[in-house]
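# Structure assessment
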Amino acid sequence: MKAFQEMEDQFSLPLFNKRGLTLVRGENALVWDIEGRRYIDCAGGHGVVNVGHANPRVAAALAEQAQTLITCTGSFYNDKRALLLKKLIEITPASLDKVFLCNSGAEAVEAALKFARLTTGKTDFVCARRGFHGRTMGALSATFNPNYKKDFEPLVPGFTFVPFNDFSALQKAITDQTAAVLLEVVQGEGGVHIGRKDYFENVQKLCKEREILLIIDEVQTGFGRTGRMFASEYVDLQPDILCLAKGIAAGVPMGAMLCSAKIKASPGKHGSTFGGNPLACAAGLAAIEFIEEHNLPQQAFEKGQYFKKHFKGSELAVVKEVRQIGLMIGIELKKKAQPYIKALQEQGVIVIPAGPKVVRLLPPLTIEYELLDEVIDKLTDVLGQTTLQ
Ligand SMILES: *Cc1c(COP(=O)(O)O)cnc(C)c1O
């Protein structure tokens, strides 16, 4: 049973803190390891499987598309791609008219940075402290965490970081060379910090006045996660550019950068071999239709409220604060999160960290209430254990 773990350890670059499990099967909010043990998956591939593991509708769409046409570059038109593009424009804020399809969140951010420079002729970006936008050189330049960046400098120049939710700091950071402001509505990797409505209203107004582009990164918050289809809806954001990935295609790799009509683009300025791949488009289309038909944003909202009501975090000595919006949940501890995350896994619940002291839950939005109850019970039990260090 350990053979696969040994094989991965031997042949894979050691870039992940391995969790010691070999996952081989999933069904909705549950996953099973190779020894047949069942886990409630509140990591969801880092907030990817909003529609549940092995979603039958997505599986059928993938199987059909795989037998029809797997690849088709952007030089040719494709039926599934056309339908997905139209759907994305229908469900996102009204300011967005066009889509660039790619394969990950970082790629969506890379595209955003390039098109912001191309459109404005300016070079610089204002981003938030604790913000996370990906691991490629451009996206990493926009990411705050110095530990992720220090070994890879020099990165792309022109990035300034200001405290999140602090409008006057952001205002002061704007210069004549600022092409765009780039923000998450809810900071995910940075510890689940929720953007204030008045902050984003002011940012949006400032960007309009100063003719600076507003880039919103909803890679983690999109597709129902926060209790709305997009977290931008909470603050009525009309961004110039919107970055999407994670939940877009039920776990099939896909990213998207959406933009307003004022963004400049022409053949040769950017591209991707796999971007807009029909297999991923078929999965994306099926996933979004499933999200709409089952009203998953509303389900996420209600399940988030249920969690908030029944998980009595404030009664646990180790808990500093619970931050929750829909089914994006961060439990900030007074101690290191890792021992608790490990203990939860031993109890059959998979969660992920968001920084050293935050336990983060990003379960499928389709999670059953009975499983949510089990998660709440086990969280209460494990976080209540005083012996964990
Ligand atoms: C995960 C994430 C990214 C990067 O996405 P990848 O697909 O891992 O490249 C970018 N922005 C946010 C907000 C994310 O949560």
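The following paragraphs examine the structure supplied in this document. (Residues numbered from 1 in each chain as written. Predicted model: local features only at pLDDT ≥ 70, side-chain atom pairs only at ≥ 80, totals over all residues. Heavy atoms only, no water.)

### Thoughts on the overall build of the protein
When helices and strands are tallied, the protein shows 13 helices and 17 strands. Against the 2.2 N^0.38 benchmark of 21 Å for 389 residues, the protein shows a C-alpha radius of gyration of 21 Å, consistent with a compact globule. Looking at the 389 residues of the protein, the share that counts as buried comes to 53%. Residue pairs in contact within the protein that sit at least 24 positions apart in sequence constitute 71% of those at least 6 positions apart. When the accessible surface of the protein is totalled, it reaches about 18000 Å², and 55% of it is carbon and sulfur. Distance from the positive charge centre (45 side chains) to the negative charge centre (43 side chains) of the protein: 4 Å. (Helix = DSSP H or I, 4+ residues; strand = E, 2+ residues; numbered from the N terminus. Rg over C-alpha atoms; globule rule 2.2 N^0.38 Å. Buried < 20%, exposed > 50% of the residue type's maximum accessible area, 1.4 Å probe, protein only. Contact = heavy atoms within 4.5 Å. Areas by Shrake-Rupley, 256 points an atom, 1.4 Å probe, with all protein chains shown as cover. Lys, Arg positive; Asp, Glu negative; His and termini not counted. Charge placed at Lys NZ, Arg CZ, Asp CG, Glu CD.)

### Side note on the nonpolar core
The biggest cluster of nonpolar side chains holds 86 residues, and the ones touching the most others in it are L88, L170, V181, I331, L361 and L383. When residues are assigned to domains, this core turns out to be shared by domain 1 (2-55 + 295-383) and domain 2 (57-293), each giving three or more. Residues in contact with L383, not counting those within four places in the same chain, are F311, L316, V318, V319, I331, L333 and Y340. Core analysis: the second largest hydrophobic core is formed by 28 residues, A112, A180, A245 and M257 among them. (Core = buried A, V, L, I, M, F, W, Y, C linked by side-chain atoms within 4.5 Å. Domains from an automatic or database assignment.)

### Points about helix α12 (residues 338-346)
Along α12, the positions that sit buried rather than exposed are Y340, I341, A343, L344 and Q345. In this structure, the buried side of α12 is in contact with β3 (38-41), β14 (328-333), β15 (349-350), β16 (352-353), β17 (358-361) and α13 (369-383). Backbone geometry just after α12 places G348 at a positive phi near 90°.

### Section: the pairing of β17
Burial along β17 is two-sided: the residues V358 and R360 and V359 and L361 are all buried. Summarising the sheet, β16 and β17 pair through 2 bridges and their orientation is antiparallel. Paired with I352 across the two strands is R360, which belongs to β17. (Pairing = 2+ DSSP bridges.)

### Observations concerning a nonpolar patch on the surface
Nonpolar side chains collect at one region of the surface, where F4, M7 and F11 lie side by side and expose about 360 Å² of accessible area between them. The residue F4 is located in helix α1 (residues 3-11) in this model. Owing to a relative accessible area of 47%, F4 belongs among the partly exposed residues under this scheme. (Patch = residues over 30% accessible without salt bridge, like charges linked within 9 Å, V, L, I, M, F, W, Y side chains within 5 Å. Salt bridge = Lys/Arg side-chain N within 4 Å of Asp/Glu carboxyl O.)

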